[in-house]
Amino acid sequence: MASLLQPDRVVYLVRGEKKIRSSLSQLYFCRYCSELRSLECVSHEVDSHYCPSCLENMPSAEAKLKKNRCANCFDCPCCMHTLSTRATNIPAPLPDDPTKTAMKKAYYLACGFCRWTSRDVGMADKSVASGGWQEPENPHTQRINKLVEYYQQLAQRERQERDRKKLARRRQCMPLAYSQHTIHVVEKYGLGTRLQRQRSGAPISSLAGLSLKEGEDQKEINIEPAQALDEVEPLPEDCYTRPISLPEVTTLRQRLLQPDFQPAGASQLHPKHKHLLMKRSLRCRKCEHNLSKPEFNPTSIKFKIQLVAVSYIPEVRIMSIPNLRYMKESQVLLTLTNPVENITHVTLVTCEEGDPDDINNTAKVMVPTKELVLAGKDAAAEYDELAEPQDFQDDPDVVAFRKSNKIGFFIKVIPQKEEDAEVTVSFKIRHDFRNLAAPIRPSEEASDVNVEAIWLTHHVELSLGPLAP
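**With respect to the overall build of the protein chain**
Here is step 1: Each helix and strand in the protein chain was counted, giving four helices and 22 strands.
Here is step 2: Buried residues in the protein chain amount to 34% of all 469 residues.
Here is step 3: Intrachain contacts of the protein chain at a sequence separation of at least 6 include 65% that bridge at least 24 residues.
Here is step 4: Total accessible area computed for the protein chain in this model is approximately 30700 Å², and 51% of it derives from carbon and sulfur atoms.

Below, the structure is given as structure tokens:
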């Protein structure tokens, strides 16, 4: 079961912008290009953002405004699990008679995994269950805002300078009247800054796509350079004599999760808003068709489009491996599974000498010369006792067994390198494919159309493990 327990034992070659070897379960298949696609040769598009705890869905603009964090859910600063809101009763003085007390409900944050609570760091309890939790202020907020404004102005100047250079090059190829009209429009209305004007209330931390408002480009923003201090705060006198309590010291991960404060003690840890997750679509860069598109609802795990390779390409798995010895022939049992509903014809071919794809081969492989025929996938076949088995007239020297849409076949392997620890073999798998999802002309009936089969070839590499001692 190489594709389930050890997915890297059988890899397929993807010829995209660069050659990538990956297991079939991690690849996609473009039905329009009839080629394999990996995550590095597709375009990633963000569909929506959502909170993994409360499943609140929000558009990209709102997620950017909230810095990709949920406003209602928090993570535990100690163990990073989701915090839950707990209710308790506390005595509170009556407004009419302060000498008398009455029980009042109070809410606080608690972690059900490490038992951390918001009371451990002195956060006040709330009278309502949601919102309004106290958050520490960053002492360097003004400095960061000043730096962001300065770099916004610098980016605006560089963008205007690039636009002027483009306009100057374009002006040489334009007619005189058109170029003068273009210059007049640009000088009158600016270089598109009105369309990119910063929205009110946008977060100061997001720099991409923002520009300064009108009139701010004339105002020079100067920042004071940071200065190193010669005198630093001395260490406390009991720094080397005070016993260390490890539960009171934060770990490196806890400090890096709060880079604006980097708390050194556990008493300084404050809960952080939970990060948002996203649903993304994958699009083929060659034909721009969708390969994967999830449903918009965050509570659903279904896909509108999901062209995974295991649903279209015959899958090779390793079933049994004998003891491999140097320069001795061994017989390896592989399985081949047909994922489509029609009969598939498969031919195995060894790699030719000098093949640029055959770079990891450390053994000589002999594959069956006869064509392998795979029955179509039928989910109800194993439960149908009255179904008649198909007779494919298999050669017992080649095909070990046949069950539904899967067959087991033998290949012969002769390791060629004694010093290498791993034995790797590679071959080509060639099979026919019928694109049943191709558009049909409206003048023809679906039953009368015979979809023409095309032949696809894939490079497969198998890692058979080390040589026997």
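Now that the structure has been shown, we can carry on.
**Quick word on the packing of aromatic side chains**
Note on aromatic pairs: each is described by the distance of the centres and the angle between the planes.
Here is step 1: Counted by the stated rule, this structure contains four aromatic pairs.
Here is step 2: With a centroid separation of 5.1 Å and 75 degrees between ring planes, the pair formed by Phe29 and Phe433 is classed as edge-to-face. Here the residue Phe29 occupies a position in strand β3 (residues 28–30), and Phe433 occupies one in strand β21 (residues 422–433), the gap between them amounting to 404 residues. Just as Phe29 is buried, Phe433 falls in that class too.

**Quick look at the confidence of the model for the protein chain**
Low pLDDT marks regions whose predicted coordinates should not be analysed in detail.
Here is step 1: Chain-level statistics for the protein chain give a pLDDT mean of 82 and a share of 84% at 70 or above.
Here is step 2: Per-element confidence in the protein chain is highest for strand β12 (residues 290–294), whose mean pLDDT is 94, and lowest for helix α3 (residues 176–189), whose mean pLDDT is 50.
Here is step 3: Every residue in residues 185–217 scores below 50 in pLDDT, and together they form 44 contacts with partners more than four places removed in sequence or on other chains.
Here is step 4: Confidence over residues 440–448 falls short of pLDDT 50; this stretch has three contacts with residues more than four positions distant or in other chains.

**Observations regarding the pattern of salt bridges**
Here is step 1: One pass over the structure, following the stated rule, counts 22 salt bridges.
Here is step 2: The partner of Asp357 in a salt bridge is Lys428, with the nearest N and O atoms 3.4 Å apart. Here Asp357, found in the loop between β16 (344–350) and β17 (363–366), pairs with Lys428, found in strand β21; they are 71 residues apart in sequence, far enough to count as distant. The same class applies to Asp357 and to Lys428, which are both buried.
Here is step 3: Put simply, Arg15, Lys19, Asp355, Asp357 and Lys428 are held in one network by salt bridges that share partners.

**Comments concerning the nonpolar core**
Here is step 1: Formed by 49 residues in total, the largest nonpolar core has its most connected members in Tyr12, Leu334, Leu336, Leu372, Leu462 and Leu464.
Here is step 2: The element best represented in this core is β21, accounting for five residues.

**Describing unusual backbone geometry**
Here is step 1: Positive phi, close to 60 degrees, is recorded for Met327, a residue that is not glycine.
Here is step 2: Tracing the sequence through the fold places Met327 in the loop between β14 (315–320) and β15 (330–337).
Here is step 3: Judged by relative accessible area, Met327 falls into the partly exposed class, the value being 45%.
Here is step 4: The backbone of Ser404 sits at a positive phi, close to 55 degrees, despite the residue not being glycine.
Here is step 5: Assignment of secondary structure puts Ser404 in the loop between β19 (399–403) and β20 (406–415).

**Side note on the side chain of Arg9**
Here is step 1: Residue position: Arg9 is located in the segment before β1 (10–15).
Here is step 2: One buried charge, Arg9, has no salt-bridge partner; the nearest side chain with opposite charge is Glu422, at 6.1 Å.
Here is step 3: At 2.6 Å, the side chain of Arg9 and the backbone oxygen of Ser463 are in polar contact.

**Side note on the side chain of Lys428**
Here is step 1: Given the relative accessible area of 13%, Lys428 is considered buried.
Here is step 2: Polar contacts involving the side chain of Lys428 include one to the side chain of Asp355, which spans 3.3 Å.
Here is step 3: Among the polar contacts listed, one links the side chain of Lys428 to the side chain of His459, at a separation of 3.2 Å.
Here is step 4: For Lys428, the contacting residues outside a window of four places in its chain are Arg15, Thr347, Leu348, Val349, Cys351, Asp355, Asp357, Thr457, His458 and His459.

**A few points about the sheet that holds strand β11 (residues 277–284)**
Backbone-to-backbone hydrogen bonds join strands into a sheet, with any given pair of strands oriented parallel or antiparallel.
Here is step 1: Sheet architecture is open: five strands sit in the order β6-β5-β11-β12-β13, paired in antiparallel fashion. On the outer flanks of this sheet lie β6 (57–58) and β13 (303–306), each paired with one strand and no other.
Here is step 2: Across three bridges, β12 lies against β13 in antiparallel orientation. Note that in β13 the partner of Pro294 across the bridge is Phe303.

**Considering the pairing of β19**
Here is step 1: Where β19 lies against β20, four bridges are found, and the strand directions are antiparallel. By the bridge assignment for β20, Val399 is matched with Phe409.
Here is step 2: From the end of β19 to the start of β20, which pair antiparallel, there are two residues, and Ser404 there has a positive phi angle of about 55 degrees.

**Quick look at the sheet that holds β1**
Here is step 1: Pairing within the open sheet is antiparallel, and its six strands lie in the order β2-β1-β22-β21-β16-β18. In this open sheet, the two edge strands, each paired with only one partner strand, are β2 (19–22) and β18 (372–374). Between one strand axis and the next, the sheet turns by 30 degrees as a mean value, whatever way the strands run.
Here is step 2: Pairing geometry for β21 and strand β22 (residues 454–466), over eleven bridges, is antiparallel.

About the criteria used
- Residues numbered from 1 in each chain as written.
- Predicted model: local features only at pLDDT ≥ 70, side-chain atom pairs only at ≥ 80, totals over all residues.
- Heavy atoms only, no water.
- Helix = DSSP H or I, 4+ residues; strand = E, 2+ residues; numbered from the N terminus.
- Buried < 20%, exposed > 50% of the residue type's maximum accessible area, 1.4 Å probe, protein only.
- Contact = heavy atoms within 4.5 Å.
- Areas by Shrake-Rupley, 256 points an atom, 1.4 Å probe, with all protein chains shown as cover.
- Phe/Tyr/Trp six-rings, centres within 6.5 Å; stacked < 30°, edge-to-face > 60°.
- pLDDT = per-residue confidence, 0-100.
- Salt bridge = Lys/Arg side-chain N within 4 Å of Asp/Glu carboxyl O.
- Core = buried A, V, L, I, M, F, W, Y, C linked by side-chain atoms within 4.5 Å.
- Lys, Arg positive; Asp, Glu negative; His and termini not counted.
- Polar contact = N/O pair within 3.5 Å; in protein donor to acceptor, adjacent residues only side chain to side chain.
- Pairing = 2+ DSSP bridges.
- Axes fitted to C-alpha atoms, helices over the stretch in contact; angles between N-to-C directions.

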